[in-house]
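Analysis of the macromolecular model
Chain residues, written in single-letter form:
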Amino acid sequence: YYIVQLSEPPLAQYRGGINGLSAPPRLPNRGGRLDVRSAQARSYVAHLKSRQETFLTQLRQRFNAQVPTLQSYQHAFNGVVAKLSREQASEVAKLA
(Lines give C-alpha, C1' and ligand atoms only; values in the text may rest on other atoms or scores of the structure.)
Protein backbone atom coordinates (compact mmCIF):
# COMPACT_ATOMS: atom_id res chain seq x y z
CA TYR A 1 0.00 0.00 0.00
CA TYR A 2 1.17 3.50 -0.85
CA ILE A 3 0.09 6.88 0.48
CA VAL A 4 -0.54 9.21 -2.45
CA GLN A 5 -0.72 12.92 -1.66
CA LEU A 6 -2.83 14.98 -4.05
CA SER A 7 -2.01 18.57 -4.95
CA GLU A 8 -5.00 20.49 -3.57
CA PRO A 9 -4.71 21.63 0.04
CA PRO A 10 -6.53 19.67 2.72
CA LEU A 11 -9.45 21.27 4.52
CA ALA A 12 -7.22 22.55 7.35
CA GLN A 13 -5.19 24.62 4.88
CA TYR A 14 -7.90 25.73 2.48
CA ARG A 15 -8.31 29.51 2.44
CA GLY A 16 -10.59 29.83 -0.58
CA GLY A 17 -9.73 30.46 -4.18
CA ILE A 18 -11.82 27.85 -5.96
CA ASN A 19 -14.86 29.39 -7.64
CA GLY A 20 -17.98 28.44 -5.67
CA LEU A 21 -16.07 27.06 -2.67
CA SER A 22 -15.65 29.57 0.14
CA ALA A 23 -13.10 29.11 2.87
CA PRO A 24 -14.65 27.49 5.94
CA PRO A 25 -15.16 29.81 8.91
CA ARG A 26 -13.13 29.81 12.09
CA LEU A 27 -14.71 29.64 15.52
CA PRO A 28 -13.64 32.69 17.54
CA ASN A 29 -14.91 31.22 20.81
CA ARG A 30 -12.79 28.08 20.19
CA GLY A 31 -9.45 29.79 19.65
CA GLY A 32 -9.96 30.25 15.94
CA ARG A 33 -10.41 26.56 15.25
CA LEU A 34 -11.82 25.53 11.92
CA ASP A 35 -15.56 24.89 11.89
CA VAL A 36 -15.45 21.45 10.24
CA ARG A 37 -19.24 21.14 10.53
CA SER A 38 -19.93 24.28 8.51
CA ALA A 39 -21.55 24.08 5.08
CA GLN A 40 -18.36 25.49 3.55
CA ALA A 41 -16.20 22.79 5.15
CA ARG A 42 -18.59 20.02 4.08
CA SER A 43 -18.65 21.39 0.53
CA TYR A 44 -14.86 21.49 0.31
CA VAL A 45 -14.51 17.96 1.71
CA ALA A 46 -17.05 16.75 -0.88
CA HIS A 47 -14.97 18.52 -3.56
CA LEU A 48 -11.80 16.74 -2.38
CA LYS A 49 -13.55 13.36 -2.31
CA SER A 50 -14.75 13.93 -5.87
CA ARG A 51 -11.23 14.87 -7.02
CA GLN A 52 -9.81 11.80 -5.28
CA GLU A 53 -12.32 9.54 -7.03
CA THR A 54 -11.45 11.16 -10.38
CA PHE A 55 -7.77 10.51 -9.69
CA LEU A 56 -8.44 6.85 -8.81
CA THR A 57 -10.57 6.40 -11.94
CA GLN A 58 -7.71 7.78 -14.03
CA LEU A 59 -5.29 5.36 -12.37
CA ARG A 60 -7.59 2.42 -13.07
CA GLN A 61 -7.80 3.45 -16.71
CA ARG A 62 -4.06 4.08 -16.98
CA PHE A 63 -3.15 0.68 -15.49
CA ASN A 64 -6.17 -1.13 -16.96
CA ALA A 65 -6.63 -2.69 -13.54
CA GLN A 66 -8.37 -2.31 -10.24
CA VAL A 67 -6.65 0.01 -7.78
CA PRO A 68 -7.98 -0.94 -4.35
CA THR A 69 -7.99 1.84 -1.79
CA LEU A 70 -7.71 1.38 1.94
CA GLN A 71 -8.44 4.92 3.10
CA SER A 72 -8.89 8.48 1.92
CA TYR A 73 -8.13 11.68 3.78
CA GLN A 74 -9.39 15.24 3.40
CA HIS A 75 -9.07 17.14 6.69
CA ALA A 76 -5.38 17.37 7.68
CA PHE A 77 -4.02 15.67 4.55
CA ASN A 78 -5.39 15.35 1.03
CA GLY A 79 -4.66 11.90 -0.27
CA VAL A 80 -5.48 8.24 -0.55
CA VAL A 81 -3.93 4.95 0.47
CA ALA A 82 -3.90 2.70 -2.60
CA LYS A 83 -2.65 -0.80 -3.29
CA LEU A 84 -0.17 -0.50 -6.14
CA SER A 85 2.63 -2.57 -7.54
CA ARG A 86 6.13 -1.13 -7.24
CA GLU A 87 6.05 -0.28 -10.96
CA GLN A 88 2.67 1.44 -10.66
CA ALA A 89 3.86 3.42 -7.64
CA SER A 90 6.90 4.55 -9.62
CA GLU A 91 4.61 5.81 -12.40
CA VAL A 92 2.30 7.58 -9.93
CA ALA A 93 5.28 9.33 -8.35
CA LYS A 94 6.03 10.96 -11.73
CA LEU A 95 2.54 12.46 -12.06
CA ALA A 96 2.01 16.14 -11.40
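For the structure, see preceding data.
Below is a short write-up of the structure. (Residues numbered from 1 in each chain as written. Predicted model: local features only at pLDDT ≥ 70, side-chain atom pairs only at ≥ 80, totals over all residues. Heavy atoms only, no water.)

The next point concerns the environment of Gln74. Topologically, Gln74 is positioned in the loop between β4 (69-73) and β5 (79-82). For Gln74, a relative accessible area of 7% puts it in the buried group. Separated by 28 residues in the primary sequence, Gln74 and Ala46 place their C-alpha atoms 8.9 Å from one another. Once residues within four sequence positions are removed from consideration, Gln74 is found in contact with Pro10, Leu11, Val45, Leu48, Lys49 and Gln52. (Helix = DSSP H or I, 4+ residues; strand = E, 2+ residues; numbered from the N terminus. Buried < 20%, exposed > 50% of the residue type's maximum accessible area, 1.4 Å probe, protein only. Contact = heavy atoms within 4.5 Å.)

The next subject is the nonpolar core. Among the nonpolar cores identified, the biggest contains 12 residues, and these are Val4, Leu6, Phe55, Leu56, Leu59, Phe63, Val67, Val80, Ala82, Leu84, Ala89 and Val92. At the level of elements, α1 (39-63), β5 and α2 (86-93) are the ones that each hand at least two residues to this core. The biggest single contributor to this core is α1, with 4 residues. Look past the residues within four positions of Leu84 in its chain and what remains in contact with it is Tyr2, Val4, Phe63, Val67, Ala89 and Val92. Counting 8 residues, the second-largest nonpolar core is a separate cluster that includes Leu11, Tyr14, Tyr44 and Leu48. (Core = buried A, V, L, I, M, F, W, Y, C linked by side-chain atoms within 4.5 Å.)

Attention now moves to the sheet that holds β5. Judged by pairing direction, the sheet is antiparallel, and its 3 strands sit side by side in the order β1-β5-β4 without closing on themselves. Of all strands in the sheet, those with a lone pairing partner are β1 (2-5) and β4, marking the two edges. Within the sheet, the average angular offset between the axes of one strand and its neighbour, ignoring direction, is 15 degrees. Direction of pairing for β1 relative to β5: antiparallel, over a ladder of 4 bridges. What sits directly across from Val4, in β5, is Val80. Seen against the sheet, α1 touches β1, β4 and β5 and runs at an angle of roughly 40 degrees to β5. (Pairing = 2+ DSSP bridges. Axes fitted to C-alpha atoms, helices over the stretch in contact; angles between N-to-C directions.)

With that settled, consider the side chain of Ser38. Structurally, Ser38 is set in the loop between β3 (33-34) and α1. Side-chain polar atoms of Ser38 contact the backbone oxygen of Asp35, separated by 2.9 Å. Setting aside residues no more than four positions away along its own chain, Ser38 makes contact with Pro24 and Pro25. (Polar contact = N/O pair within 3.5 Å; in protein donor to acceptor, adjacent residues only side chain to side chain.)

What follows covers the layout of surface pockets. The calculated volume of the largest pocket comes to roughly 300 Å³. Along the walls of the largest pocket sit 13 residues, with Leu6, Ser7, Arg51, Phe55 and Ala96 positioned nearest its centre. Counting residues per element, the ones that place at least two in the lining of the largest pocket are β1 and α1. Of the residues that constitute the lining of the largest pocket, the class distribution is 6 nonpolar, 5 polar and 2 charged. (1 Å grid on protein atoms, 1.4 Å probe; cavity = no way out; pocket = protein on both sides within 12 Å on 5 of 7 lines; lining within 4 Å. Points joined across faces, edges and corners; volume = space filled by probe spheres on them. Nonpolar A, V, L, I, M, F, W, Y, C, P; charged D, E, K, R; others polar.)

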